[in-house]
Amino acid sequence: MFNWFKKKNKDEDKKVQEEKIDILTEDADAAQINEDAHENEKINFNQDAQSINQNQGNEEKVQEKPEEVKEEKTSFFKRMFSGLEKTRQNLNYKLQTVFKGTDINDDFYDELEEVLVTSDIGVETVMNIIDNLKERIVRENVLDRKDALPLLKDEIKRIMNDNITTRDLKLEPSPAILLVVGVNGVGKTTTIGKLSYQFRQEGKSVLIAAADTFRAAAIEQLKEWANRANVDIIAHEESADPASVIFDAIMAAKARKTDILICDTAGRLHNKQNLMNELNKIKRVIDREFPNAVKENLLVLDATTGQNAIIQAKSFKETSDITGVCVTKLDGTAKGGVIIALESELHLPVKIIGVGEKIEDLQAFNVDDFVEALF
């Protein structure tokens, strides 16, 4: 997805790892990062929009210097670290007590299980983590609780990586169509606007289809984001047939040879079958009219809803071919552990996360960085 996120070399990785260690071990640095995160939250929407407008009309892809790549990778981890502050505080405060003792006994496992479950990781996932951790502790003859913490982190990474083949947005080769789904209020419109802007920064042509014709003012809000991101939009009147909007957008994307067509959809409730049927109708139009396009179905979930996000994801997975998940609002919740359950229980790859309000706070998801920032 984001080109700058993929540009790696050995020196850069070494530098990033050193900065991770500094961030995680120095209280002063962590406090400063937390302060920076709060300052970022104070930046209002209009300032963000002004920054986008200043880049309108920029058709050329900017070639980054190695130093800029290093700085960008480092700031990614810092933003994730800051964004996960509430989740980390909630989890670490409880874990300090669990790993303070020495004996690894039944009480240790019971306490650890309670901490993980109350961090919205999910009961099924927690049981798998505990079972795997027990086996490793016995196999590696670990006797001290503090020595079990690195094993816990490893098991969380492993259980998230199981059955996940890729976390990259599948948008190449062009043309590609990105269908964005999710319930009302999870941040679909903002996600579409930020993705459009970032794709444009990568030199790709983007077209938006405003197929959320149900919610009042949804079309106007998406038009505003399209203007700020300097991309075109196809829209009908409110209450129009969403599938007809998608059809017209596909015709326009073909005629303009657009790289990426992003389709907004109504904020359909996961328990409303008629709205789910509407989504299936849209998918049939896409399959019929744009069969050669690369397809990505992105489910947007709000991290603040905790386990309710799992319920939504299960319903959408049953009805739609979800290929990836975007988890928003991680900076405003202590329930970031829900990401672990999404990947381990539902095998849905989390591809994008939102850790702030600024345009660059929407970023590609990395498991290693997530677990390090979480602990």
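Above this note sits the structure.
Quick summary incoming for the structure in this document. Keep in mind the model is a prediction, meaning the values are calculated, not measured.

A look at the overall build of the protein
So, point 1. Scanning the protein from N- to C-terminus turns up 16 helices and eight strands.
So, point 2. Relative to its 375 residues, the protein shows a buried fraction of 53%.
So, point 3. For the protein, restricting intrachain contacts to residue pairs at least 6 apart in sequence, the fraction spanning at least 24 positions comes to 79%.

Quick look at a negative patch on the surface
So, point 1. There is a patch of like negative charges on the surface, built from Asp106, Asp107, Asp110 and Glu114.
So, point 2. Residue placement: aspartate 106 occurs in helix H7 (residues 106–117).

Some remarks on the nonpolar core
So, point 1. Membership of the largest hydrophobic core comes to 101 residues, with the highest contact counts inside it found for Leu112 and Met160.
So, point 2. A per-element tally of this core places helix H12 (residues 242–256) first, with seven residues.
So, point 3. Each residue touching methionine 160, except ones within four places of it in the same chain, is listed here: Arg167, Ile339, Ile340, Glu343, Phe365, Val367, Phe370 and Val371.

Considerations on helix H13 (residues 273–289)
So, point 1. Helix length check: H13 (17 residues) gives 25 Å between terminal C-alpha atoms against 24 Å at 1.5 Å per residue, within 8%.
So, point 2. Here H13 has its buried residues at Leu275, Met276, Leu279, Ile282, Lys283, Val285, Ile286 and Glu289. Taken around the axis of H13, the buried residues stretch over an arc of 165°, which confines them to a single face. Facing away from the buried surface of H13 by more than 90 degrees, the exposed residues are Gln273, Asn274, Arg284 and Arg288.
So, point 3. Where H13 is buried, its residues contact strand S1 (176–181), H12, strand S5 (294–302) and helix H14 (307–319).

Regarding the environment of leucine 207
So, point 1. With respect to the helices, strands and loops of the structure, leucine 207 is situated in strand S2 (residues 206–210).
So, point 2. Given the relative accessible area of 1%, leucine 207 is considered buried.
So, point 3. Sequence-distant contacts of leucine 207, defined by excluding residues within four places in its chain, comprise Asp232, Ile233, Ile234, Ala249, Ala252, Ala253, Arg256, Thr258, Ile260, Leu261 and Ile262.

Description of the pairing of S5
So, point 1. With eight of nine residues buried, S5 is to be regarded as a mostly interior element.
So, point 2. Relative to S5, S1 is paired through six bridges, and the arrangement is parallel. In the strand pairing of S5, valine 181 is matched with leucine 299.
So, point 3. Handedness of the S5-H14-strand S6 (residues 324–328) crossover: right-handed.

Points about helix H15 (residues 338–346)
Given 3.6 residues per helical turn, the α-helix brings residues three or four places apart onto the same face.
So, point 1. Burial analysis of H15 places nine of its nine residues in the buried class, which makes it a mostly covered element.
So, point 2. All buried positions along H15 are accounted for by Val338, Ile339, Ile340, Ala341, Leu342, Glu343, Ser344, Glu345 and Leu346.

Here we look at the pattern of salt bridges
So, point 1. Per the counting criterion, the structure on display carries 20 salt bridges.
So, point 2. Taking the shortest distance from any N to any O, the salt bridge between glutamate 140 and arginine 136 comes out at 2.9 Å.
So, point 3. Using a relative accessible area of 38% as the deciding quantity, one classes glutamate 140 as partly exposed.
So, point 4. Between lysine 157 and aspartate 368 there is a salt bridge, and its shortest N-O distance comes to 3.9 Å. Of this pair, lysine 157 sits in helix H9 (residues 145–161) while aspartate 368 sits in helix H16 (residues 367–374), and the two are 211 residues apart along the sequence.

Description of the packing of aromatic side chains
So, point 1. Under the counting rule described, the total for this entry stands at three aromatic pairs.
So, point 2. Pairing phenylalanine 108 with tyrosine 109 gives two aromatic rings, centres 5.2 Å apart and planes at 65°, and the pair type is edge-to-face. Comparing phenylalanine 108 with tyrosine 109, the two get one shared label, buried.
So, point 3. The ring centre of tyrosine 109 lies 5.0 Å from the NZ or CZ of lysine 134, which sits over that ring.
So, point 4. Arginine 228 extends its terminal NZ or CZ atom over the ring of tryptophan 225, reaching a point 5.9 Å from the ring centre.

Section: the pairing of S2
Within a regular beta strand, the side chains point alternately toward one face of the sheet and then the other, so they alternate between its two faces.
So, point 1. When you tally the buried positions in S2, you get five out of five residues, the bulk of the element.
So, point 2. Because side chains alternate across S2, one face comprises the buried residues Val206, Ile208 and Ala210, and the other comprises Leu207 and Ala209, equally buried.
So, point 3. Pairing of S2 with strand S4 (residues 260–264) involves five bridges; the strand directions are parallel. The partner of alanine 210 across the bridge, within S4, is aspartate 264.
So, point 4. Note: S2 against strand S3 (residues 232–234), three bridges, orientation parallel. Bridging from a neighbouring strand, isoleucine 208 pairs with isoleucine 233 of S3.
So, point 5. The parallel pair S2 and S3 is bridged by helix H11 (residues 218–229), and the resulting crossover is right-handed.

Considerations on the sheet that holds S2
So, point 1. Taken together, the eight strands give an open sheet; going across it, the order is S3-S2-S4-S1-S5-S6-S7-S8, and neighbouring strands pair in mixed fashion. Each of the sheet's edge strands pairs with one partner strand only, and the pair in question is S3 and strand S8 (362–364). In this sheet, adjacent strand axes meet at a mean angle of 25° when their direction is disregarded.
So, point 2. Packing against the sheet, H15 makes contact with S5, S6 and strand S7 (350–354), and its axis sits at approximately 165° to S7.

Observations regarding unusual backbone geometry
So, point 1. In the segment running from glutamate 172 into proline 173, the intervening peptide bond is cis, with an omega of 0°.
So, point 2. By secondary structure assignment, the location of proline 173 is in the loop between H9 and S1.
So, point 3. For the bond from serine 174 to proline 175, the omega torsion is 5°, close enough to zero to count as cis.
So, point 4. The topology assignment puts proline 175 in the loop between H9 and S1.
So, point 5. Residues other than glycine seldom take positive phi values, yet serine 239 does so here, at roughly 75°.
So, point 6. Of note in the backbone geometry, histidine 347 takes a positive phi value of approximately 55° without being a glycine.
So, point 7. You can see histidine 347 is positioned in the loop between H15 and S7.

Rules and cut-offs
Residues numbered from 1 in each chain as written. Predicted model: local features only at pLDDT ≥ 70, side-chain atom pairs only at ≥ 80, totals over all residues. Heavy atoms only, no water. Helix = DSSP H or I, 4+ residues; strand = E, 2+ residues; numbered from the N terminus. Buried < 20%, exposed > 50% of the residue type's maximum accessible area, 1.4 Å probe, protein only. Contact = heavy atoms within 4.5 Å. Patch = residues over 30% accessible without salt bridge, like charges linked within 9 Å, V, L, I, M, F, W, Y side chains within 5 Å. Areas by Shrake-Rupley, 256 points an atom, 1.4 Å probe, with all protein chains shown as cover. Salt bridge = Lys/Arg side-chain N within 4 Å of Asp/Glu carboxyl O. Lys, Arg positive; Asp, Glu negative; His and termini not counted. Charge placed at Lys NZ, Arg CZ, Asp CG, Glu CD. Core = buried A, V, L, I, M, F, W, Y, C linked by side-chain atoms within 4.5 Å. Expected span 1.5 Å × (residues − 1). Arc of directions from axis to C-beta. Pairing = 2+ DSSP bridges. Right-handed = clockwise from strand over helix to strand, strands pointing away. Phe/Tyr/Trp six-rings, centres within 6.5 Å; stacked < 30°, edge-to-face > 60°. Lys NZ or Arg CZ within 6 Å of the ring centre and 35° of its normal. Axes fitted to C-alpha atoms, helices over the stretch in contact; angles between N-to-C directions.

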